[in-house]
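What the coordinates show
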Amino acid sequence: MSTVSTPAHEFAARMDRIEISATMAITAEAAKLRAGGAKLVDFGAGEPHFATPKHIKDAAIAAIDANFTRYTMVNGIPEVRKAIVERHAADFGSNYKPEEAIFTTGGKLALFEAIQALVDHGDEVVLPVPYWVSFKDIIQYAGGTPVFLETEEADNFRVTARAIEALLTPRTKAIILNTPSNPSGAVVDASDLEQIVRLANSRGIWLLLDECYAYLQYEGARISGGSFTDCKDTTVVLGSLSKTYAMTGWRAGYALAPKALVSAMGKLQSQSTSSPAAFVQKAAIAALSGPQECVTTMREDYRKLRDQILAGLATIPGVTCTRPQGAFYVYPNVSKYLGKGIANTTELARRLLHEANVVVVPGQAFGTSEHIRLSYAVTHEDVDEGVRRMQSFFAAL
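Calculation rules
- Residues numbered from 1 in each chain as written.
- Predicted model: local features only at pLDDT ≥ 70, side-chain atom pairs only at ≥ 80, totals over all residues.
- Heavy atoms only, no water.
- Core = buried A, V, L, I, M, F, W, Y, C linked by side-chain atoms within 4.5 Å.
- Buried < 20%, exposed > 50% of the residue type's maximum accessible area, 1.4 Å probe, protein only.
- Helix = DSSP H or I, 4+ residues; strand = E, 2+ residues; numbered from the N terminus.
- Contact = heavy atoms within 4.5 Å.
- Salt bridge = Lys/Arg side-chain N within 4 Å of Asp/Glu carboxyl O.
- Pairing = 2+ DSSP bridges.

**Remarks on the nonpolar core**
Counting residues in hydrophobic clusters, the biggest one holds 68 residues, and the most contacted among them are Phe43, Leu241, Tyr245, Tyr302, Ile309, Leu348 and Met390. With 8 residues, helix 10 (residues 293-313) is the largest single contributor of residues to this core. In this view, leucine 348 contacts Val334, Leu338, Ile342, Ile372, Phe393 and Phe394; residues no more than four positions away in its chain are not counted. If you look at the next biggest cluster of nonpolar residues, it comprises 40 residues, including Ala110, Val119, Leu261 and Val361.

Listed below in structure tokens is the structure:
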């Protein structure tokens, strides 16, 4: 009996432009070990260790009990779009209207839709390095070309308007900024951000601002690219409730953008996911419009966790690390341990997983060759145990 395999050429060429997410791949490998009984310390996937706040869960339960479980408007019900713009206006001084907002099934979908709507074959997109793993692949899936902006670790991975301007060409369609950054935790300071916003606007280039971690900034005043209201015609704010409100599994994201772009994204959404889950929209309204003390509480614990893991990493000889200003990641440099029986950070991450039962993500997934990423959105006990295991692992190399 013969087995018929599917020839590779039967798949669309665009599938070759993307790879499986490195964070999802390492999570899957860790899950296999965990299922076999391994006791892992998981610094892998960026997911809050907090439970979703009760008032948000209660709103979803009430919606389900009220049978609010049917299709809704594709872009989200008016109430959720109103809650999005009002929250952003209250916190960042923006002036979007509900018709300039779209609610999506997670922040990643908002990014995907925006890039699919804007970027065509031959278009260039400026992307600072290190970058979140999905940016490069989503750009390439659309047929665009990522133009990498190399940043300096010694300068805390700073991104400036001057550095971006040097990479602009007639083919530049968009610039992507992620602040605070995944993976480095670096924050684009207010002065640099304003200059970048105004540079993009003056050149008629789209600026896509991933603000997934905007509420998890530890130092300085929090600012959004959407705060510069005179430049909103070329600005796209991409947001998520996943990290801010510990709602990763709810899949709740949004975009704020010019009405025409929101309409284009809605068109794409209508032919893909259709409307987001109805009861999730009610939960999102409770999150955005309800008490915000939970955000402050979580942010303060992340700050303590950051300081704790930095102190722990400092005890490992040869490992250096910049000080994150936001998000919940550290991005230590482990170059001292490469080339001595360990070829690259992918191999290092695999050995840490199998020999020390510590889950990390290799920096190659983020565009650098000397780093690993650790998410410290874990318990304080896990930080201590994970650092102890890493101390022993590196000492034995």
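On we go.
**Focus on the pattern of salt bridges**
Where side chains of opposite charge bring their charged atoms close, a pairing between them can arise. Scanning all chains against the criterion turns up 19 salt bridges. Taking the shortest distance from any N to any O, the salt bridge between arginine 198 and aspartate 230 comes out at 2.7 Å. Taken as a pair, arginine 198 in helix 7 (residues 190-203) and aspartate 230 in the loop between strand 6 (206-210) and strand 7 (235-240) lie far apart in primary sequence, 32 residues in all. Here aspartate 307 and arginine 306 are joined by a salt bridge, their closest N and O atoms 3.0 Å apart. One network of salt bridges, with partners in common, ties together Glu219, Arg306, Asp307 and Arg323.

**A word on the pairing of strand 8 (residues 253-256)**
Every second residue of strand 8 is oriented toward a common face, with Gly253 and Ala255 on one face and Tyr254 and Leu256 on the other, all of them buried. Pairing between strand 2 (residues 101-104) and strand 8: 4 bridges, direction antiparallel. Its bridge partner lying in strand 8, threonine 104 is registered against glycine 253. When strand 7 meets strand 8, the two strands line up antiparallel, connected through 4 bridges. Paired with serine 240 across the bridge in strand 8 is glycine 253.

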